[in-house]
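Chain by chain, the residues:
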Amino acid sequence: MIRALFLAVLFLAGAAHAEPSEDMFEKLRAAPSDSEAHDVAMDIWASWMESGSPTVDVIMQRGVDAQTGGDLETARAFYDRAILIKPDYAEAWNRRASLFLMDENYPEALRDLNETLRLEPRHFGAWSGLGIMFEQMGSPKNALEAYREARKIYPRMQQAIVAEKRLSKISEGQGL
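The rules behind the values
Residues numbered from 1 in each chain as written. Predicted model: local features only at pLDDT ≥ 70, side-chain atom pairs only at ≥ 80, totals over all residues. Heavy atoms only, no water. Phe/Tyr/Trp six-rings, centres within 6.5 Å; stacked < 30°, edge-to-face > 60°. Helix = DSSP H or I, 4+ residues; strand = E, 2+ residues; numbered from the N terminus. Buried < 20%, exposed > 50% of the residue type's maximum accessible area, 1.4 Å probe, protein only. Salt bridge = Lys/Arg side-chain N within 4 Å of Asp/Glu carboxyl O.

Chemist: What exactly am I supposed to notice about the packing of aromatic side chains here?
Modeler: How two aromatic rings sit relative to each other is given by the distance of their centres and the angle of their planes. Summed over all chains, the structure comprises 5 aromatic pairs. Between the aromatic rings of Trp45 and Phe124, the centroid separation amounts to 5.6 Å while the plane-to-plane angle is 90°, which identifies the pairing as edge-to-face. Of this pair, Trp45 sits in helix H3 (residues 34-48) while Phe124 sits in helix H8 (residues 124-136); the two residues are 79 residues apart in sequence, bridging distant segments of the chain. Look at Phe124 and you get buried, because its relative accessible area is 1%. Each ring, one from Trp48 and one from Phe124, has its centre 5.1 Å from the other, and the planes form 45°; the classification is tilted. In this pair, Trp48 is assigned in helix H3 and Phe124 in helix H8, connecting sequence segments 76 residues apart. Grouping residues by exposure puts Trp48 and Phe124 together as buried.

In structure tokens:
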């Protein structure tokens, strides 16, 4: 009986979705250097990769491995499966959105990025993905807004900083 209770507690503890703490996001916002901000951002990404389901975690890792190896079709199949099993898992939606962005499939990318942000509004990667998509679609004002949202969460995000500088000149004009 005690063993069964112990196993049940372990199962329930493992079922919790690992979300980054508010403290992690505060450290990210207040990081005094780019390298410290990067380290905290990587910790947040690691938390996002923990779905709370060992099965989904394995599927996601296989998807990441396939994506890293250039097998995007297999990666998408893994991300599809992760979403099917755990539709409230933001990182699966975000990873699949990245594949749609690579294919310039903007309707699908937008759907997945919106779902990511509905589930995790602090997902600076999804905000950056929106910025990339809007920029590729020729909408610099919307891209700038998305990058600025990313920077509210991750002020030292280099991709967003560079994009914001470039796009603010286009969207807001240059001073005399």
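Chemist: I keep staring at the pattern of salt bridges and nothing clicks. Help me out?
Modeler: Two side chains that carry opposite charge are able to pair once their charged atoms sit near each other. Evaluation of the coordinates by the stated rule reveals 18 salt bridges. Its salt-bridge partner being Asp112, residue Arg111 comes within 2.9 Å of it at the nearest N-O pair. By relative accessible area, which is 37% here, Arg111 ends up partly exposed. Of the residues examined, Asp112 reaches a relative accessible area of 0% and is grouped as buried. Here the residues in one salt-bridge network are Arg76, Asp80, Arg96, Glu108, Arg111 and Asp112, joined through shared partners.

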